[in-house]
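Letter by letter, the chains look like this.
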Amino acid sequence: MKKQKQQQKHQSTKPKKDESAITLGEFLNQDLMKQLKEKQQELKASEEKKIQEEEARKREEKRLKEKNKTFEELLNESTTD
């Protein structure tokens, strides 16, 4: 009797891999998965665009700063080099 109970416990505690291996894609509609992937790509593209715009802004600020330097600043830079 004890062996049967122990065997039942061992069998019930082990989840079957085939039944428990259900993916998110199986739960969600394929169209919804497609929309989520497209949204992820859009977000990634917008983030990359934002980074590129920030870099361009910094380059422009540096260019303007160099352009607006006074003669004294340019002279000081040339003597330190």
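Every value quoted in this text rests on a predicted model; they were computed, and no experiment measured them.

Caption draft 1: Inspection of the overall build of the protein chain at higher detail. The secondary structure content of the protein chain amounts to 5 helices and 0 strands. From first element to last, N terminus to C terminus, the protein chain shows the α and β order α-α-α-α-α. Each of the 81 residues in the protein chain was classed as buried or not, and the buried ones make up 1%. In the form shown here, the protein chain has an accessible surface area of approximately 8,600 Å², with 52% of it arising from carbon and sulfur atoms.

Caption draft 2: Broad picture of the confidence of the model for the protein chain. Confidence along the protein chain averages 80 in pLDDT terms, with 67% of residues attaining 70 or more. The weakest mean pLDDT in the protein chain belongs to helix 2 (residues 17-20) at 57; the strongest belongs to helix 4 (residues 30-67) at 94.

Caption draft 3: Expanded view of the pattern of salt bridges. Inspection of every chain in the model, using the stated rule, returns 5 salt bridges. As a salt-bridge pair, R63 and E60 come within 2.6 Å of each other at their nearest N and O atoms. In this pair, R63 and E60 are both assigned in helix 4, 3 residues apart and thus about one turn of the helix distant. The partly exposed category is assigned to R63, whose relative accessible area is 44%. Through salt bridges with shared partners, one network takes in E54, R57 and E61.

Caption draft 4: Summary view of the side chain of K69. By the secondary structure assignment, K69 is in the loop between helix 4 and helix 5 (71-80). Leave out the neighbours within four places in its chain, and K69 touches L74 and E77.

Analysis parameters
- Residues numbered from 1 in each chain as written.
- Predicted model: local features only at pLDDT ≥ 70, side-chain atom pairs only at ≥ 80, totals over all residues.
- Heavy atoms only, no water.
- Helix = DSSP H or I, 4+ residues; strand = E, 2+ residues; numbered from the N terminus.
- Buried < 20%, exposed > 50% of the residue type's maximum accessible area, 1.4 Å probe, protein only.
- Areas by Shrake-Rupley, 256 points an atom, 1.4 Å probe, with all protein chains shown as cover.
- pLDDT = per-residue confidence, 0-100.
- Salt bridge = Lys/Arg side-chain N within 4 Å of Asp/Glu carboxyl O.
- Contact = heavy atoms within 4.5 Å.

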